[in-house]
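These are the residues of each chain, in order.
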Amino acid sequence: MNSKLASFELRGLLSYLVTRTKLRFLAKRSSGSTKTTVVILDQKVDLDLMDLEQKYLAADCVREPENLIVYRAIADSGLVDTFMDVGANCGHVAASVINNYTQVLLFEPNPKLAKLLRDIFKTQSNIAIRECAIVDEASVGKLSLTVPDESSGLATLGGTDLSKQYDHVHTYDVRASTLATEVEGFSVKSAYIKIDVEGFEANIIESAKT
C-alpha cells in the first residue's frame, strides 16, 4: 500500500455522528425558521432548512468523514489530481476537498442545487460545475428528476413516483449527458470519480467510455 495512504487516520467521526443524529432524528423540522444564511468559502449563501442535506451543510459543512479521509489521502499520495463528483448535491464533499485537488468537477442535475453550487464556488478557480444528469449513451437528452423537498439526497431520475413516500416532491426536466461528453476540454488523465446517484452507478460507469 502507498505509505501516505496507510498513514492517514480517521478523526472527527464521533462529533459528526452526534451532529447527524441530532439533525436527522431529534430536531423538529417544523420548528423555527426554514431558511438561513451561512458563510461557506467566504461566500454568503442561502440555505433551505427543510432539505435535510442543506441542514447538514448549515451545521458543519462536512459529510461522511470516513470517506473524506480517503479522498484526501488519494490526493495527497499523488495518485490523481482531479476529483469528479457525480451527484454533487449541495457541495458538502467539494467544499471539504477543494484544497486537495488541482481540479474539481461537479455534476448536479437539480437546478435548485446547481444554483447553490454556483453561489458557493463562484470565486473558486479550480471548480467547474455542470448542471446535468450523467447517463449512458442511450439516455442522453432530457430526463425527469423527482426530488423530495425533505431530502434532496433522495432524488431519482426517470419519473419515479415518490409522492406516496413523501408529502412534498418537485419534478424537474433536466439535461442528461454522458460523462465522456461533459469532461471534454478538461485534462482528466488522472481522476477520482465519486458517484452518488441513487442506483444509477452502472450508467455512470458506462457513460465514461469514449
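Residues numbered from 1 in each chain as written. Predicted model: local features only at pLDDT ≥ 70, side-chain atom pairs only at ≥ 80, totals over all residues. Heavy atoms only, no water.

1. Quick look at the overall build of the chain
Check the secondary structure of the chain and you find 8 helices and 10 strands. Expressed as a percentage of its 210 residues, the buried residues of the chain come to 43%. Long-range pairs, those at least 24 residues apart, make up 63% of the contacts in the chain between residues at least 6 apart in sequence. Taken as a whole, the chain presents about 11200 Å² of accessible surface, with 50% of it coming from carbon and sulfur. (Helix = DSSP H or I, 4+ residues; strand = E, 2+ residues; numbered from the N terminus. Buried < 20%, exposed > 50% of the residue type's maximum accessible area, 1.4 Å probe, protein only. Contact = heavy atoms within 4.5 Å. Areas by Shrake-Rupley, 256 points an atom, 1.4 Å probe, with all protein chains shown as cover.)

2. Let's talk about the confidence of the model for the chain
When pLDDT drops low, the exact placement of atoms in the prediction is not to be read closely. For the chain, the mean per-residue pLDDT works out to 83, and 80% of the residues sit at or above 70. Confidence drops under pLDDT 50 across residues 1-8; counting only partners more than four residues distant or on other chains, this segment forms 13 contacts. (pLDDT = per-residue confidence, 0-100.)

3. So, the pattern of salt bridges
Throughout the structure, instances matching the rule amount to 7 salt bridges. The shortest N-O distance in the salt bridge between D119 and K115 comes to 3.0 Å. Of the two residues, D119 and K115 are both situated in helix α6 (residues 111-121); the distance of 4 residues between them amounts to about one turn of the helix. Take D119: its relative accessible area is 27%, and that puts it in the partly exposed class. (Salt bridge = Lys/Arg side-chain N within 4 Å of Asp/Glu carboxyl O.)

4. Describing the pairing of strand β3 (residues 82-86)
In terms of burial, β3 is a largely internal element, 5 of the 5 residues being buried. Side chains of β3 alternate between two faces, with T82, M84 and V86 and F83 and D85 buried alike.

5. Side note on the sheet that holds strand β9 (residues 169-177)
If you trace the 4 strands from one edge of the open sheet to the other, you get β6-β9-β7-β8, paired in mixed fashion. Two strands lie at the open edges of the sheet, namely β6 (133-134) and β8 (156-157), each paired on one side alone. Two strands pair when backbone bridges link them, and strand β7 (residues 141-148) and β9 are joined in this way by 8 bridges, in the antiparallel orientation. Looking at β9, one finds that G141 is bridged to A176. (Pairing = 2+ DSSP bridges.)

6. Side note on the packing of aromatic side chains
The final tally for this structure, using the stated rule, is 4 aromatic pairs. With centroids separated by 5.5 Å and ring planes inclined at 55°, the aromatic side chains of Y71 and Y192 adopt a geometry described as tilted. With Y71 in helix α4 (residues 65-76) and Y192 in strand β10 (residues 191-195), this pair connects stretches of sequence that are 121 residues apart. Exposure remark for Y71: the relative accessible area of 7% places this residue in the buried category. Relative accessible area serves as the criterion here: at 25%, Y192 is assigned to the partly exposed category. Ring centres of F83 and Y192 lie 5.8 Å apart, and the angle between their planes is 15°; on these two criteria the pair is classed as stacked. Placement of F83 in strand β3 and of Y192 in strand β10 is noted, with a sequence separation of 109 residues between them. When its relative accessible area of 0% is taken as the criterion, F83 is described as buried. (Phe/Tyr/Trp six-rings, centres within 6.5 Å; stacked < 30°, edge-to-face > 60°.)

7. Considerations on unusual backbone geometry
Within the chain, L41 stands out as a residue other than glycine whose phi angle is a positive 50°. Locating L41 in the fold gives a position in the loop between β1 (35-40) and β2 (43-48). Phi angles above zero are rare outside glycine, and D42 is one such case at about 70°. Tracing the backbone through its elements, the reader meets D42 in the loop between β1 and β2. Judged by relative accessible area, which is 74%, D42 ranks as exposed.

8. Quick word on the side chain of T82
Of note, T82 is situated in strand β3. With sequence-adjacent residues up to four places away left out, T82 is seen in contact with Y101, Q103, L105, S187, V188, S190, A191 and Y192.

9. Structural notes on the environment of S125
Along the chain, S125 falls in the loop between α6 and β5 (127-130). Counting along the chain gives 21 residues from S125 to V104, while the straight-line C-alpha distance between them is 9.5 Å.

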